[in-house]
Amino acid sequence: MKKIQISPSILAADFAHLAEEIKSIEEAGADYIHFDVMDNHFVPNLTFGFKFIKDLQRVTNLKTDIHLMIENPADSLERFLEMKPDLITFHYETVSRPEELIDTIKKAGFGAGISIKPSTGASLLEPLLSKLDSVLIMLVEPGFSGQKMIKEALFKIQELKILIDIKKLNVSIQVDGGIKKDNFEPILESGADNFVLGSGIFAEDDYASVIQKIKSYKY
Ligand code: DX5
Ligand code: ZN
């Protein structure tokens, strides 16, 4: 089993105190910072862009995880790659030739991920798995923090886990949306290894207890 990684989504953090929030998740044992980039077209919300991410990278040693929820990600990919992201994920629904974007990311030397919305089938990713570092299964409709998890999406985790294991690939299964300290167990047992939490961490008083509970879970 892969080591569990935690990637807090700073979309749910207090933007008036971002540097302190990031320091807190770092001390609490997080592995990545998850940056939700939204364009108000692919999703009905607008968040932040290049300078925001670059400035926050300067205040942390956490790995950079960029989740692009934007139309035409190829148009701005180079600028995101300048940030040397450890993982950059675009949405399957936003591209017609995903292989090309994956190749660009891999040639630049960074981790490549593809995400699917709750209504997109996991089997569509099968032909791409051997090229990918990560698949991101959305457990809510992308766009907002604080939504309730769609439980049916768990089957897609199991489906992808089987495909990855059969092919003996080293692809991480990231999950995002509605994950809390009291509902993560079936998600983890389904095969997810990289957990994005927004309100599940930042709306809690004790960030470390949430992160450590997930990381130390044994089944
Ligand atoms: C939603 C984003 C998520 C979101 C998670 O579109 O991709 O990363 O911030 O927030 P919670 O954990 O509160 O659902
Ligand atoms: Zn996200």
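A brief look at the structure comes next. Fair warning: this is a prediction, and the values are worked out from it, not measured in the lab.

About the cut-offs
- Counting restarts for each chain: residues are numbered from 1 in the order of the written sequence.
- Chain A is the first chain written and ligand 1 is the first ligand written, with later ones labelled in order.
- Residue-level local features of this predicted model are given only where pLDDT is at least 70; pairs of side-chain atoms are given and counted only at 80 or more, and the full residue set underlies all totals for whole chains, interfaces and linings.
- Calculated side-chain values reflect all of the structure's heavy atoms, with hydrogen atoms and water omitted.
- Here a residue is near a molecule or strand as soon as one of its heavy atoms is found within 4 Å of it.
- Each polar contact in these results corresponds to two N or O atoms within 3.5 Å; when the atoms are within protein, one needs to be able to donate a hydrogen and the other to accept it, and residues that are neighboring in sequence are counted only if both atoms are side-chain atoms.
- Only the protein chains shown count as covering a residue, and every accessible area follows the Shrake-Rupley method with a 1.4 Å probe.
- Only protein atoms enter the 1 Å grid used here. Points where a 1.4 Å probe fits but cannot escape make up a cavity, open sets with protein on both sides within 12 Å along at least five of seven lines make up a pocket, and a residue lines them when an atom lies within 4 Å of a point.
- Occupancy of a cavity or pocket is assigned to a molecule whenever over half of its atoms lie within 2 Å of that pocket's grid points.
- What counts as a helix is a DSSP run of H or I of at least four residues, what counts as a strand is a run of E of at least two, and both are numbered from the N terminus.
- Grid points are joined across faces, edges and corners, and a volume is the space filled by probe spheres set on the points.
- Polar here means any residue other than Ala, Val, Leu, Ile, Met, Phe, Trp, Tyr, Cys and Pro, which are nonpolar, and Asp, Glu, Lys and Arg, which are charged; Gly is therefore polar.

All right, on to the site of ligand 1 then. Taken together, 20 residues surround ligand 1, and among them Gly-143, Ser-145, Asp-176, Gly-198 and Ser-199 come closest. Within the side chain of Asp-36, one N or O atom sits 2.8 Å away from an oxygen atom of ligand 1. Backbone polar atom of Gly-143 to an oxygen atom of ligand 1: 2.7 Å apart, as the coordinates give it. Bound to the protein, ligand 1 loses 100% of the 380 Å² it would expose on its own. Comparing atom positions with the cavity grids shows ligand 1 to sit within the largest cavity. Elements represented by at least two residues in the shell around ligand 1 include exactly β2 (32-38), β3 (63-69) and β8 (194-197).

Put simply, the largest pocket is a space of about 210 Å³. If you go around the largest pocket, you meet 17 residues; those closest to its centre are Lys-2, Lys-161, Asp-165, Gly-191 and Asp-193. Class assignment for the residues of the lining of the largest pocket results in nine nonpolar, three polar and five charged. Each pocket or cavity is described by its volume, and for the second largest pocket that value is around 170 Å³. Around the second largest pocket, the lining residues are Lys-2, Gln-5, Tyr-32, Asp-86, Leu-87, Gly-111, Asp-133, Ser-134, Asn-170, Ser-172, Asp-193 and Asn-194. Partitioning the lining of the second largest pocket into residue classes produces two nonpolar, six polar and four charged.

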